[in-house]
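Okay, here's what each chain looks like letter by letter:
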Amino acid sequence: MMPLRHYFDGTNGMAIEGDVPVSMLVSSDKRPDAVETMYFRYSDHFFDKSACSYDHELAMMSLGMSMSAFTYKVSGDKYIRHLLNTIGCDDRSIKTHKYEVTKASDDSCAYAFAAKTLGDGYHLIPVVIRSHHYGGEWVSNAHVVDESCPDYAMGFKTAADSVYDALNRYIDNHGFDRRKIKIWITGFSRGAAVSNLLGARLTFESGIAKDNIFVYTFAAPLTVFDRAAAYTDNIFNIVSEIDVVPRVPLAYWGFTRFGTTLYLPCKARRGAEEYEKLKEKMVVEFNDIMAQIGLPDTKYEPIADQELALDLLFEYLDDLLETPEKYAEGGYQGILMDYMNSKFGGSEFEPRMFLKFLLDGNEELANDVCSLIEDWNDIGALEKVQRISRLPSKRKQGDGDRAPASELLSMGLSIFVRYATKLTATKVTNGDQDYYYEQLVNMLVDAYHNGCDSAILMQHWPEVYLSWLRSGDEKTLFRTTSYTKISVK
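Keep in mind the model is a prediction, meaning the values are calculated, not measured.

### Some words on the overall build of the chain
Next, step 1: Within the chain one finds 17 helices and 12 strands.
Next, step 2: Scored against the burial criterion, the 489 residues of the chain give a buried share of 57%.
Next, step 3: Sequence separation of at least 24 residues holds for 73% of the intrachain contacts in the chain that already meet a minimum separation of 6.
Next, step 4: Accessible surface for the chain amounts to roughly 19,800 Å². Of this, 49% is attributable to carbon and sulfur atoms.

What follows is the structure, given as structure tokens:
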């Protein structure tokens, strides 16, 4: 095999710099499977300095690279391959894997590698983890706990290790000198979790200098227990606390991420006045992006205090799933994987389908809950309280493998009952006892009605992350510690 370093890479040794077109899937359900093109700035000079120094423009280009790897079966690796060509990677250098619907729950992932020369005598190897429309890989997101992998989220770790092995073969088979290569890794959501673990293992074990391993992740779930996460300041994780995905698996269990987590603005962290000023700039960018991708009427309108409503939801989850062992041995891991397997073709959480999945076998309760949620915006407070109060009596106690479904359902019903209780108290005292419960219930109802376009799930759109990144620089946008969470339960 001819060493890859002798391949013509299309650049004639000249540095590439400028705006490059990135084709990507649109996140909104209003345009399912639509593909649009946006422009991102790329430069070979992004890689001149140490990977341990955050670069805001490289972060935005990394997000664009991640978005180009979103796909569905008929398009395969078409968009990521085109982008890699555009930044100077010869097609002969590109290796892609598993760009088709994958077997459910096999803890794998699709990815793309490529290579190009840089002006300083180094080779750059981009590594992009597919992050959306990944078929059966989605089941692996719920595969967290396994006694063979005590320090990591199992589904992410197994996928990351498979990419690590493949990347090492790629490097060795093509004769690269590990002292003269730079690795650029990126991913979003599940792809971000895999990228986080891949970047850490490369840093610890590959023989490539940490300064030459550039890792940028977006909306990454938690990946590793505290005791294992150190010495990885070349990894940058950009997350939003208004987004539910970076909150799982549970931080309550001790999960964290490798590298530095950079938190985007939220009201609880920055205060109402500063947050509104920052959000105003973000909305300008969001509206511009929506116009570019054919959604000019789509608005960015998170529920007020959404991060605190999520805190309330996760207080309930922390109480229900006290330990990783309870999650695995109590059947919760299995039932979530069963749900994901039941909707094999997608990579999105569908609240309506999940609710009916949990209520399988109890048609009367299923109909009453769904009817209540569907009527929610058209009925008054008294009728809400009356209908909520009747729900617990229609619950059937689960048994066997369905017991976790019964307990999850019980948790959901307890939130609605507590909301009704606090709503009644509020009406009597003219206080605001129900505020956070009202925000949480409204958020859940909105998710049921609007799915991916709801206030809670829209926060996980890459277009939302991109809007924030384009609205300011790292000093303006980021904080590196979470806000202090106060129980509102």
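### Considerations on the layout of surface pockets
Next, step 1: Computed from the structure, the largest pocket encloses a volume of approximately 540 Å³.
Next, step 2: Elements that contribute at least two residues to the lining of the largest pocket include exactly β11 (255-256), β12 (260-263) and α7 (306-320).
Next, step 3: Here the lining of the largest pocket gets 4 residues from one element, more than from any other, and that element is α7.
Next, step 4: Considered class by class, the residues forming the lining of the largest pocket number 10 nonpolar, 7 polar and 8 charged.

### Concerning the packing of aromatic side chains
Next, step 1: Under the criterion given, the structure shown has 25 aromatic pairs.
Next, step 2: Aromatic pair Trp 253 and Phe 255: ring centres 6.4 Å apart, planes at 55°, arrangement tilted. For the pair formed by Trp 253 and Phe 255, the shared burial category is buried.
Next, step 3: An aromatic cluster of at least three residues, connected via ring pairs, comprises Tyr 42, Phe 46, Phe 47, Trp 184 and Phe 214.
Next, step 4: When the ring centre of Tyr 231 is taken as origin, the NZ or CZ atom of Lys 210, which lies over that ring, is 3.7 Å away.
Next, step 5: A cation over a ring is seen here: Lys 485 above Tyr 483, with NZ or CZ 4.2 Å from the ring centre.

### Section: helix α11 (residues 363-375)
Helical periodicity: at 3.6 residues per turn, an α-helix aligns residues three or four positions apart in one direction.
Next, step 1: Its 13 residues give α11 an end-to-end C-alpha distance of 18 Å, which sits within 8% of 18 Å, the value for a rise of 1.5 Å per residue.
Next, step 2: Within α11, burial applies to Leu 365, Ala 366, Val 369, Cys 370, Leu 372 and Ile 373. Each buried residue of α11 sits inside an arc of 160° when the element is viewed along its axis, so together they form one side.

### A look at unusual backbone geometry
Next, step 1: Each neighbour pair has its own omega, and for Val 248 with Pro 249 the value is -15°, a cis peptide bond.
Next, step 2: One non-glycine residue with positive phi stands out, namely Ala 219, at about 60°.
Next, step 3: When its relative accessible area of 0% is taken as the criterion, Ala 219 is described as buried.
Next, step 4: Even without being a glycine, Asp 305 presents a positive backbone phi close to 55°.
Next, step 5: Mapped onto the fold, Asp 305 is located in the loop between α6 (272-292) and α7.

### Considerations on the pairing of strand β8 (residues 213-218)
Next, step 1: Of all 6 residues in β8, 6 are buried, a share of seventy percent or more.
Next, step 2: Burial of β8 is two-sided: the residues Ile 213, Val 215 and Thr 217 facing one way and the residues Phe 214, Tyr 216 and Phe 218 facing the other way are all buried.
Next, step 3: Across 6 bridges, the pairing between strand β7 (residues 181-188) and β8 is parallel. Following the sheet pairing, Trp 184 is matched in β8 by Phe 214.

### Details of the side chain of Asp 311
Next, step 1: Within the fold, Asp 311 resides in helix α7.
Next, step 2: Residue classification places Asp 311 among the buried residues on the basis of a relative accessible area of 7%.
Next, step 3: Setting aside anything within four residues of it in sequence, one finds Asp 311 in contact with Arg 247, Tyr 483 and Lys 485.

### Some words on the packing of helix α3 (residues 154-173) against helix α4 (residues 190-205)
Next, step 1: Where α3 contacts α4, the two axes come as close as 8 Å, and the packing angle between them is 55°. By the angle class used here, α3 and α4 are oblique. The two elements α3 and α4 cross, and the hand of that crossing is right-handed. On the side of α3, the interface is formed by Gly 155, Phe 156, Lys 157, Ala 159, Ala 160, Asp 161, Val 163, Tyr 164, Asp 165 and Leu 167, while α4 contributes Arg 190, Ala 193, Val 194, Leu 197, Leu 198, Arg 201, Leu 202 and Glu 205.
Next, step 2: Taken together, the residues that form the contact of α3 with α4 break down as 11 nonpolar, 1 polar and 6 charged.

### What about the side chain of Lys 157?
Next, step 1: For Lys 157, the position within the fold is in helix α3.
Next, step 2: Contacts of Lys 157, omitting those with residues within four sequence positions, involve Cys 149, Tyr 152, Leu 197 and Arg 201.

### Details of the environment of Glu 474
Next, step 1: Assignment of secondary structure puts Glu 474 in helix α17 (residues 474-477).
Next, step 2: Along the primary structure Glu 474 and Asp 55 are separated by 419 residues, whereas in three dimensions their C-alpha atoms are 8.5 Å apart.

### A closer look at the pattern of salt bridges
Next, step 1: As enumerated under the stated definition, the model contains 26 salt bridges in all.
Next, step 2: One salt bridge in this structure joins Asp 311 and Arg 247, with 2.8 Å as the shortest N-O distance. Taken as a pair, Asp 311 in helix α7 and Arg 247 in the loop between β10 (235-239) and β11 lie far apart in primary sequence, 64 residues in all.
Next, step 3: Ionic contacts of the salt-bridge type, sharing partners, join the residues Lys 157, Asp 161, Arg 201 and Glu 205 into one network.

### Regarding the confidence of the model for the chain
Next, step 1: Confidence along the chain averages 88 in pLDDT terms, with 89% of residues attaining 70 or more.
Next, step 2: A low-confidence stretch, residues 1-8 (pLDDT under 50), is modelled with 17 contacts involving residues beyond four sequence positions or located in other chains.

### Concerning the pairing of β10
Next, step 1: Burial runs high along β10: 5 of the 5 residues are buried.
Next, step 2: Where burial is concerned, the two faces of β10 agree: the one with Ile 235, Asn 237 and Val 239 and the one with Phe 236 and Ile 238 are both buried.
Next, step 3: Looking at chain direction, β8 and β10 are connected through 4 bridges and run parallel. Each bridged residue has a counterpart across the sheet, and for Phe 218 the counterpart in β10 is Ile 238.
Next, step 4: Across 4 bridges, the pairing between β10 and β12 is parallel. What sits directly across from Asn 237, in β12, is Thr 261.

### Some remarks on the environment of Lys 30
Next, step 1: As for its position among the elements, Lys 30 is in the loop between β1 (17-25) and β2 (35-43).
Next, step 2: Spatially, the C-alpha atoms of Lys 30 and Asp 453 are 8.1 Å apart, while their sequence positions differ by 423 residues.

How each quantity is defined
- Residues numbered from 1 in each chain as written.
- Predicted model: local features only at pLDDT ≥ 70, side-chain atom pairs only at ≥ 80, totals over all residues.
- Heavy atoms only, no water.
- Helix = DSSP H or I, 4+ residues; strand = E, 2+ residues; numbered from the N terminus.
- Buried < 20%, exposed > 50% of the residue type's maximum accessible area, 1.4 Å probe, protein only.
- Contact = heavy atoms within 4.5 Å.
- Areas by Shrake-Rupley, 256 points an atom, 1.4 Å probe, with all protein chains shown as cover.
- 1 Å grid on protein atoms, 1.4 Å probe; cavity = no way out; pocket = protein on both sides within 12 Å on 5 of 7 lines; lining within 4 Å.
- Points joined across faces, edges and corners; volume = space filled by probe spheres on them.
- Nonpolar A, V, L, I, M, F, W, Y, C, P; charged D, E, K, R; others polar.
- Phe/Tyr/Trp six-rings, centres within 6.5 Å; stacked < 30°, edge-to-face > 60°.
- Lys NZ or Arg CZ within 6 Å of the ring centre and 35° of its normal.
- Expected span 1.5 Å × (residues − 1).
- Arc of directions from axis to C-beta.
- Pairing = 2+ DSSP bridges.
- Axes fitted to C-alpha atoms, helices over the stretch in contact; angles between N-to-C directions.
- Parallel < 35°, antiparallel > 145°, perpendicular 65-115°, else oblique.
- Left-handed = near helix turned anticlockwise from the far one by under 90°.
- Salt bridge = Lys/Arg side-chain N within 4 Å of Asp/Glu carboxyl O.
- pLDDT = per-residue confidence, 0-100.

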